[in-house]
Amino acid sequence: MTDTTSNKMWGGRFAAGPDAIMEAINASISFDQRMAAQDIAGSRAHAAMLATQNIITDSDADAIGKGLLTVLSEIQSGTFQFSAALEDIHMNVEARLKEVIGEPAGRLHTGRSRNDQVATDFKLWVRDQFDAAESGLLALIQALLGQAEAGAAWVMPGFTHLQTAQPVTWGHHMMAYVEMFGRDLSRMRDARARMNECPLGAAALAGTSFPIDRDMTAHALGFDRPSANSLDAVSDRDFALDFLGSASICAMHLSRFAEELVIWSSAQFRFVTLSDRFSTGSSIMPQKKNPDAAELIRAKIGRIMGANVALMMVMKGLPLAYSKDMQEDKEQVFDAADNLMLALAAMEGMVKDMSANRESLAAAAGSGFSTATDLADWLVRVLGLPFRDAHHITGSLVALAEKNGCDLPDLTLEQMKTAHDGITNDVFDVLGVENSVNSRMSYGGTAPEQVRAQVTRWKGIVG
Ligand code: ARG
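Residues numbered from 1 in each chain as written. Predicted model: local features only at pLDDT ≥ 70, side-chain atom pairs only at ≥ 80, totals over all residues. Heavy atoms only, no water.

Describing helix H5 (residues 89-101)
Here comes step 1: Taking 1.5 Å of rise per residue, the 13 residues of H5 would be expected to cover 18 Å, and the 18 Å separating its terminal C-alpha atoms lies within 8% of that figure.
Here comes step 2: For H5, the set of buried residues is Ile89, His90, Met91, Asn92, Val93, Glu94, Ala95 and Leu97.
Here comes step 3: Where H5 is buried, its residues meet helix H2 (29-32), helix H3 (36-52), helix H4 (58-77) and helix H6 (114-150).
Here comes step 4: Note on H5: the residue one or two positions beyond its end, Gly102, has a positive phi of about 80 degrees. (Helix = DSSP H or I, 4+ residues; strand = E, 2+ residues; numbered from the N terminus. Expected span 1.5 Å × (residues − 1). Buried < 20%, exposed > 50% of the residue type's maximum accessible area, 1.4 Å probe, protein only. Contact = heavy atoms within 4.5 Å.)

The structure is reproduced here in structure tokens:
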């Protein structure tokens, strides 16, 4: 449908309304209505400031402030009629305000533009997402700390190249993810602190000749200060990219962990049992219990990183200041934020509910010659051999055990002596996995005592 009347918000110089296709490509109301509460908060702060600065009267500001609350409650209760002809949330709200309070509504847009308005709204929205991600990460870290504390001494195989490398502890493995999600937390906090400058009052691009008080609006909206360059203020989307970048790294961590849970919950590994609450069945194979939540978390990186790349491509090459390209920022961030929060919550639920199968972990920890390094270290420590020689001798014993179809601790002392006649019975002490992990007492190592120290440290950080 083509509207024959020009746009009532900006159509003064237009004789005709937009083509239907123009309206379709131009309108953002279908998605930016998610920023209604932020838009209204920004407008209320702006109106109050205009009155304080005697740019509009107190009674007009009062009418505007109250009217905006009416509009907000209409939106929240679902009775608000959004209109694509009014393009976006900013003009939908202002047009409805005019219907509710009449003439004073027209004074709200004094000394501002939709360019600083949308930047402010979007920043407020993204800031909430940093806070939500922080809560999600904290909850996930708490769940991991619970697992780590319970299983600080449970042995399991540690892998490199997904081949058995050395025994580690369950707690140590859980704490590795605590470190990753802890960095995600700090990235989110850094980015939130960096973005907390208010664009409102930058107006279209150059600032305004009205005597506005930008500190007042900035503080009313919880920003630390107003942004210092009006051209940058309206054309900056770094905060959204910072969010997407941090979200992408976090989603990558979630994906790695999810992959481990998929492997670990398989019949071949049996390292963990996922709860029924976070598993699904198969419609044809009655025995199946599938780790769908983990698989979906593993996949979320695709759309989250996709959003990051998409917005980077939107922003690259844009001349200063605002261009309509920037309207393409929101859907990407909305989708990425929704999916990040869902993935964090699902991971938290899975981690809380899952149980580690101690026997399977321990059995796997002792197989695959996992204590070969301990044997080599013993040859260095006790017999004083150079590490390279010790490595070679150990390798020959691994080959012997492999040939005999047994593990290193199953070799007899006589067999050991064929590789080096200095070897004594004491060597068997270091071939046990418990001793192996207990000996890894270097800072950050896998020894239960080290793991418990890290759990305590993290509890101090996350409360
Ligand atoms: N809907 C627009 C956006 O999301 C708001 C800003 C419009 N500004 C303009 N000069 N047309 O970016």
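Next comes the rest of the account.
Structural notes on the site of the ligand
Here comes step 1: All residues adjacent to the ligand are Ser28, Asp32, Asp88, His90, Arg114, Asn115, Val118, Tyr322, Gln327 and Lys330.
Here comes step 2: In the model, a nitrogen atom of the ligand is placed 3.3 Å from a nitrogen or oxygen of the Ser28 side chain.
Here comes step 3: Take Gln327: an N or O atom from its side chain is 2.7 Å from a nitrogen atom of the ligand.
Here comes step 4: Surface burial for the ligand is 86%, taken as the share of its 340 Å² of free accessible area covered by protein chains.
Here comes step 5: Considered class by class, the residues forming the shell around the ligand number 2 nonpolar, 4 polar and 4 charged. (Near = heavy atom within 4 Å. Polar contact = N/O pair within 3.5 Å; in protein donor to acceptor, adjacent residues only side chain to side chain. Areas by Shrake-Rupley, 256 points an atom, 1.4 Å probe, with all protein chains shown as cover. Nonpolar A, V, L, I, M, F, W, Y, C, P; charged D, E, K, R; others polar.)

A short note on the nonpolar core
Here comes step 1: Membership of the largest hydrophobic core comes to 98 residues, with the highest contact counts inside it found for Trp170, Phe243, Leu254, Phe257, Leu340 and Met347.
Here comes step 2: When residues in this core are grouped by element, the largest group, 14 residues, is from helix H10 (residues 238-264).
Here comes step 3: Beyond its immediate stretch of four places on either side in the chain, Phe243 contacts Val126, Gln129, Phe130, Met188, Val333, Ala337, Leu340 and Met341.
Here comes step 4: Of all hydrophobic cores here, the second largest spans 21 residues; its members include Ala372, Leu375, Ala376 and Ala390. (Core = buried A, V, L, I, M, F, W, Y, C linked by side-chain atoms within 4.5 Å.)

Side note on a nonpolar patch on the surface
Here comes step 1: Judged by side-chain polarity, Met305, Val309, Met312 and Met313 come together as a nonpolar surface patch covering roughly 350 Å² of accessible area.
Here comes step 2: Residue classification places Met313 among the partly exposed residues on the basis of a relative accessible area of 49%. (Patch = residues over 30% accessible without salt bridge, like charges linked within 9 Å, V, L, I, M, F, W, Y side chains within 5 Å. Salt bridge = Lys/Arg side-chain N within 4 Å of Asp/Glu carboxyl O.)

Structural notes on the packing of helix H7 (residues 170-195) against helix H19 (residues 448-462)
Here comes step 1: Where H7 contacts H19, the two axes come as close as 10 Å, and the packing angle between them is 30 degrees. Crossing of H7 over H19 shows left-handed handedness. Where H7 abuts H19, its residues Gly171, His172, Met175, Val178, Glu179 and Gly182 lie against Val451, Gln454, Val455, Arg457 and Trp458.
Here comes step 2: Its residues assigned to classes, the contact of H7 with H19 comprises 5 nonpolar, 4 polar and 2 charged. (Axes fitted to C-alpha atoms, helices over the stretch in contact; angles between N-to-C directions. Left-handed = near helix turned anticlockwise from the far one by under 90°.)

Points about the pattern of salt bridges
Here comes step 1: On inspection of all chains with the given rule, the structure shows 24 salt bridges.
Here comes step 2: Between Asp242 and Arg194 there is a salt bridge; the shortest N-O distance is 3.1 Å. Taken together, the residues Asp242 in helix H10 and Arg194 in helix H7 connect sequence positions 48 residues apart.
Here comes step 3: A relative accessible area of 26% means that Asp242 is categorised as partly exposed.
Here comes step 4: For Arg194, a relative accessible area of 52% puts it in the exposed group.
Here comes step 5: Beyond isolated ion pairs, a larger network of salt bridges with shared partners links Glu87, Asp88, Arg114 and Lys324.

Describing the packing of H6 against H7
Here comes step 1: Look at H6 against H7: their axes get within 9 Å of each other, and the N-to-C directions meet at 165 degrees. The orientation of H6 relative to H7 falls into the category roughly antiparallel. H6 and H7 meet at a crossing whose hand is left-handed.
Here comes step 2: Residue classes in the contact of H6 with H7 are distributed as 20 nonpolar, 3 polar and 7 charged. (Parallel < 35°, antiparallel > 145°, perpendicular 65-115°, else oblique.)

Some points on the packing of aromatic side chains
Here comes step 1: Inspection of every chain in the model, using the stated rule, returns 12 aromatic pairs.
Here comes step 2: Residues Phe80 and Phe82 carry aromatic rings whose centres are separated by 4.7 Å and whose planes lie at 50 degrees to one another, so their mutual orientation is tilted.
Here comes step 3: Residue class for Phe80 comes out buried when judged on its relative accessible area of 8%.
Here comes step 4: One aromatic cluster in this structure is built from Phe159, Trp170, Trp264, Phe269 and Phe271. (Phe/Tyr/Trp six-rings, centres within 6.5 Å; stacked < 30°, edge-to-face > 60°.)

Notes on the side chain of Gln129
Here comes step 1: Position of Gln129 relative to the elements: it lies in helix H6.
Here comes step 2: Setting aside chain neighbours within four positions, we find Gln129 in contact with Phe243, Ala337 and Met341.

Some thoughts on the side chain of Arg237
Here comes step 1: Here Arg237 lies in the loop between helix H9 (230-235) and H10.
Here comes step 2: Polar side-chain contacts of Arg237 include one of 2.7 Å to the side chain of Asp329.
Here comes step 3: Setting aside residues up to four positions removed in sequence, Arg237 forms contacts with Val118, Ala119, Phe122, Met315, Tyr322, Met326 and Asp329.

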